[in-house]
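Each chain, letter by letter, is given below.
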Amino acid sequence: GDNFWFAGMSLELIRIKDLTAFVKKSNKTTGRSPAWNGGRLSLTSHMSHMLRRKMTQAAHLLNKTGKQEKPDEELVKIQPLLSLQKERSHVPLENEFLIELFETDEGHHAVFYTFEGRLLHEGLAALFAYRIGQLQPITFSFAYNDYGFELLSDQPIPMEEALGSALTDVNQLEQDLFQSINSSELARRKFRDIAAISGLVFKGYPGAPIKDRHLQSSSALIFQVFEDYDKDNLLLRQAFDEVLNYQLEMPRLRAVLQRINHQKIIITHPEKPTPFAFPIMVDRLRDRMSTESIEERVKRMTLDFE
């Protein structure tokens, strides 16, 4: 029943079956514009470097320090936001790693700002949660965007103790990542395409494709056989390698941890969520089931945090 725009046409959604959306033309003039996953692609390492560099320029502009060049128009526009960020917490420079710890009605929040992109933050959040969990039994929920990520727990987070142990250590990185994420499930999903390309499963004839759930079931069965009886199988190793190098970005993740180890770590304890933390918390709301619109929930959050 939802109405949306696609290819210049107003359409009404009827149902979704086998990854196919069935629609019909609609006479409604209002509707949503689809948002694609391409809008959530991870930042490149060069873009992340530029983002941290611009953040440093914005901080210098705010503090009237450093080399004063003609600022970008965008940096001038966000000065009120940065001013509030500085008032409540801190605006990090390139050589600084900012961690914010605060408490709300939801629980205890730890927000980390590495400015490395959503995809890498997903793996980094799971890694940090696993390593903190080795210090004491604790449960986390995650949220992340292109600028940072949040760990939320119902109990205080031992951040100082974690930083003093192995939170940002690059040793045993691969083992800890596999422990923190269900690596077998991730590899099993990757293996479906590998099995199809290698000819282990049949994708069907033109116009009569095999259903995706059947492909997944068949490839998962082959994956399980390889994992149980042929752990050195090259196709199995390829699935794990693709998870590490493409989905979790292992080389880049290692470089980020090495960079953090050479940065000045700044921990702040704001009384309220900061402008940097707020969009990360909003992103977590999108994954919740609610009869309220996201706009209504964001408006209520804004009133609570003012």
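Refer to the structure printed above.
The following paragraphs examine the structure supplied in this document.

Conventions and cut-offs
- Residues numbered from 1 in each chain as written.
- Predicted model: local features only at pLDDT ≥ 70, side-chain atom pairs only at ≥ 80, totals over all residues.
- Heavy atoms only, no water.
- Helix = DSSP H or I, 4+ residues; strand = E, 2+ residues; numbered from the N terminus.
- Expected span 1.5 Å × (residues − 1).
- Buried < 20%, exposed > 50% of the residue type's maximum accessible area, 1.4 Å probe, protein only.
- Arc of directions from axis to C-beta.
- Salt bridge = Lys/Arg side-chain N within 4 Å of Asp/Glu carboxyl O.
- Pairing = 2+ DSSP bridges.
- Axes fitted to C-alpha atoms, helices over the stretch in contact; angles between N-to-C directions.

## Looking at helix α4 (residues 118–133)
Note on helix geometry: an α-helix contains 3.6 residues per turn, so any two residues three or four positions apart are oriented the same way.
So, step 1. Its 16 residues place the ends of α4 22 Å apart at the C-alpha level, agreeing with the 22 Å of an ideal helix rising 1.5 Å per residue.
So, step 2. Across the 16 residues of α4, twelve count as buried, placing the element largely inside the fold.
So, step 3. Those residues of α4 lying buried are Arg-118, Leu-120, His-121, Gly-123, Leu-124, Ala-125, Ala-126, Leu-127, Phe-128, Ala-129, Arg-131 and Ile-132.

## Regarding helix α8 (residues 212–229)
So, step 1. Over its 18 residues, α8 extends 26 Å from the first C-alpha to the last, a length consistent with the 26 Å expected when each residue adds 1.5 Å.
So, step 2. Residues of α8 that are buried include every one of Leu-215, Ser-219, Ala-220, Phe-223, Phe-226 and Glu-227, and no others. All buried residues of α8 fall inside an arc of 125 degrees around its axis, so they share one side. Seen from the buried face of α8, the exposed residues on the opposite side, beyond 90 degrees, are Arg-213, Leu-221 and Tyr-229.

## Describing the pattern of salt bridges
So, step 1. With the rule as written, the count across this model stands at six salt bridges.
So, step 2. Across the pair Glu-116 and Arg-52 runs a salt bridge whose closest N-O atoms are separated by 2.7 Å. Of this pair, Glu-116 sits in the loop between β5 (107–113) and α4 while Arg-52 is found in helix α1 (residues 45–63), placing the two residues 64 residues apart along the sequence. The exposure classification of Glu-116 matches that of Arg-52, with both residues buried.
So, step 3. With a shortest N-O distance of 2.9 Å, Asp-176 and Arg-131 are connected by a salt bridge. Taken together, the residues Asp-176 in helix α6 (residues 173–180) and Arg-131 in helix α4 connect sequence positions 45 residues apart. As far as the burial class goes, Asp-176 and Arg-131 line up, both buried.

## Overview of the sheet that holds strand β2 (residues 9–17)
Sheets are built from strands that pair by backbone hydrogen bonding, the pairs being arranged parallel or antiparallel.
So, step 1. Strand order in the open sheet made by the three strands is β1-β2-β3, with antiparallel pairing throughout. Edge positions in the open sheet fall to β1 (3–6) and β3 (20–25), since each of these has one partner strand only. Going from strand to strand, the sheet's axes swing by 55 degrees on average, the running direction of each strand aside.
So, step 2. Relative to β3, β2 runs antiparallel, the two being bridged by six bridges. Its bridge partner lying in β3, Leu-11 is registered against Lys-25.

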